Amino acid sequence: MKAIAIEGYGGPELARVQELADPHPGPGEVVVRVRAAALNHLDLWTLSGSLGIDLDFPFVLGADGAGELAAVGEGVEGLRAGMRVVVNPAVSCGLCERCRAGEQSQCVSFRMLGEHLPGTFAELVTVPARNVYPFPQHLSFAEAAALGVTFITAYRMLFTQGELRPGEWVLITGIGGGLALSLLQLARPLAGRIFVSSSSEEKLERARALGADAGINYRDKDVGREIRRLTSKRGVDLVVDSAGGAGLDASLRSLVKGGRVVLAGATAGATAEIGLRRLFWNQLRIIGSTMGSDDDVAAMLRMVAGSGLRPVIDRTFRLEEAQAALAYLESQAHFGKIVLEVG
Ligand SMILES: [Zn+2]
């Protein structure tokens, strides 16, 4: 099979097309013939070696994928070759205390495709059978592939960890990337008012077209102060943030008393200084979130099927153009997902 595999750590130029042996499913596994694979920042981190994981080379990149089942392993019931499926990129053991509690994203041996395990930038990928789901019929393969990391993460941030209730006001930081747009699309039918922040006027404008009520440019405005002004000093109920860093304190200053911040990333900095007096006096909560449980994945897919929403795709490339696609992701110029079309 053709695959985008790396032989060492570095930049997008290392993501070359290679001819690798076709995988075969072991017991309890399936092989997916990948038709589309979506890019995530995770791919750039794996590529650069910044995750500190010792990989066996050649290593196939890519977490997100959708396609058709090519082969079904021994003991797998209810699945057959030809079914259209989307892949949950998070692989859990199914046996530990957290898995048995239904919290697969808290698994003690939690692993991701394209980070610890061979990924989806390939014509074929092997995954445990419980990691594939039929996807909503109104979606193309490219759109289904774009549901992986970002929509699973967004669903858990908003509903499971963030406990978003109808009519609540939400701030989504750093609009424009795949995760922030997933948060906007999933929150829109339920939330009262949705505020977004970005350093780009163009991205704020496009987010308003997708249903955001107001945008704040954090390059020239303090987000906390601006949220208080826009909400007549009330603040928002929930901030969903994947940037962390110095912005966390601004997120806390944006909250109504009793409000909560759900954090699912630290792209702007792995440490933060926050006002502790505000935290206890206003009874705020800071909640972590990573990927989603099997229940989160199923619920997200039901929501997408019912609402008819389509993930925002910025641009598609062919598998062979993975270097250009990764360089484009690195440039941060995109609005929505970048997808590789395979075969
Ligand atoms: Zn487990």
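Computed from a predicted structure; not experimentally measured.

### Some remarks on the packing of aromatic side chains
The geometry of an aromatic ring pair comes down to the distance between the two centres and the angle between the two planes. All told, the structure shown has four aromatic pairs when counted by the stated rule. Here tyrosine 155 and phenylalanine 159 contribute two aromatic rings whose centre-to-centre distance is 4.8 Å and whose plane-to-plane angle is 50 degrees, an arrangement assigned as tilted. Taken as a pair, tyrosine 155 and phenylalanine 159 lie in helix α4 (residues 149-161) at a separation of four residues, close to a single helical turn. Just as tyrosine 155 is buried, phenylalanine 159 falls in that class too.

### Regarding the side chain of glutamate 143
Its location among the elements puts glutamate 143 in helix α3 (residues 141-145). If we ignore the near neighbours within four places in the chain, the residues touching glutamate 143 are His138, Arg310, Pro311 and Ile313.

### Quick look at the sheet that holds strand β1 (residues 2-6)
One open sheet accounts for three strands, arranged β2-β1-β4; its pairing is antiparallel. Where the open sheet ends on each side, the last strands, each with one partner, are β2 (16-19) and β4 (59-60). Inspection of the sheet shows β1 paired to β2 by four bridges, in the antiparallel sense. Residue pairing across strands places isoleucine 4 opposite valine 17, the latter belonging to β2.

### With respect to the pattern of salt bridges
All told, the structure shown has 16 salt bridges when counted by the stated rule. Between arginine 156 and aspartate 296 there is a salt bridge whose closest N-O contact spans 2.7 Å. Taken together, the residues arginine 156 in helix α4 and aspartate 296 in helix α10 (residues 294-307) connect sequence positions 140 residues apart. The residues arginine 156 and aspartate 296 share a single accessibility class, namely buried. One salt bridge in this structure joins arginine 285 and glutamate 163, with 4.0 Å as the shortest N-O distance. With a gap of 122 residues between them, arginine 285 in strand β16 (residues 285-288) and glutamate 163 in the loop between α4 and β11 (170-172) connect regions that are remote in the sequence. A relative accessible area of 39% means that arginine 285 is categorised as partly exposed. Connected through salt bridges with shared partners, the residues Lys2, Arg318 and Glu320 form a single ionic network.

### Details of the pairing of strand β5 (residues 66-72)
Across six bridges, strand β3 (residues 29-38) lies against β5 in antiparallel orientation. For valine 32, the partnering residue across the bridge sits in β5 and is leucine 69. With three bridges joining them, β5 and strand β6 (residues 84-87) adopt antiparallel strand pairing. For glycine 67, the partnering residue across the bridge sits in β6 and is valine 85.

### A short note on unusual backbone geometry
Cis rather than trans, the peptide bond between phenylalanine 57 and proline 58 has omega equal to -5 degrees. For proline 58, the position within the fold is in the loop between α1 (41-48) and β4. Although it is not a glycine, glutamine 332 adopts a positive phi angle of roughly 65 degrees. Among the structural elements, glutamine 332 can be located in the loop between α11 (322-331) and β18 (337-341). Residue glutamine 332 is classed as partly exposed on the basis of its relative accessible area, which comes to 47%.

### Side note on the domain arrangement of the chain
Partitioning the chain into structural domains gives domain 1 (2-150 + 292-341) and domain 2 (163-288). Here domain 1 packs against domain 2, burying approximately 1200 Å² in sum over the two surfaces, 70% of which is carbon and sulfur. For the pair domain 1 and domain 2, the interface holds zero salt bridges. Inspection of the region where domain 1 meets domain 2 yields five residue pairs in polar contact (both at pLDDT 80 or more). A breakdown of the residues in the side of domain 1 that touches domain 2 according to their chemical character gives eight nonpolar, four polar and two charged.

### Notes on the pairing of strand β14 (residues 236-241)
Of all the six residues making up β14, six are buried; the element is thus mostly covered by neighbouring parts of the structure. Strand direction decides the pairing type here: β11 and β14, joined by three bridges, are parallel. Its bridge partner being in β14, valine 170 is matched across the sheet by leucine 238. Across five bridges, the pairing between β14 and strand β15 (residues 255-263) is parallel. For leucine 238, the partnering residue across the bridge sits in β15 and is arginine 260. At this point the chain moves from β14, through helix α8 (residues 247-253), to the parallel β15, and the crossover so formed is right-handed.

What counts and how
- Residues numbered from 1 in each chain as written.
- Predicted model: local features only at pLDDT ≥ 70, side-chain atom pairs only at ≥ 80, totals over all residues.
- Heavy atoms only, no water.
- Phe/Tyr/Trp six-rings, centres within 6.5 Å; stacked < 30°, edge-to-face > 60°.
- Helix = DSSP H or I, 4+ residues; strand = E, 2+ residues; numbered from the N terminus.
- Buried < 20%, exposed > 50% of the residue type's maximum accessible area, 1.4 Å probe, protein only.
- Contact = heavy atoms within 4.5 Å.
- Pairing = 2+ DSSP bridges.
- Salt bridge = Lys/Arg side-chain N within 4 Å of Asp/Glu carboxyl O.
- Domains from an automatic or database assignment.
- Buried area = accessible area lost by both parts, 1.4 Å probe.
- Polar contact = N/O pair within 3.5 Å; in protein donor to acceptor, adjacent residues only side chain to side chain.
- Nonpolar A, V, L, I, M, F, W, Y, C, P; charged D, E, K, R; others polar.
- Right-handed = clockwise from strand over helix to strand, strands pointing away.

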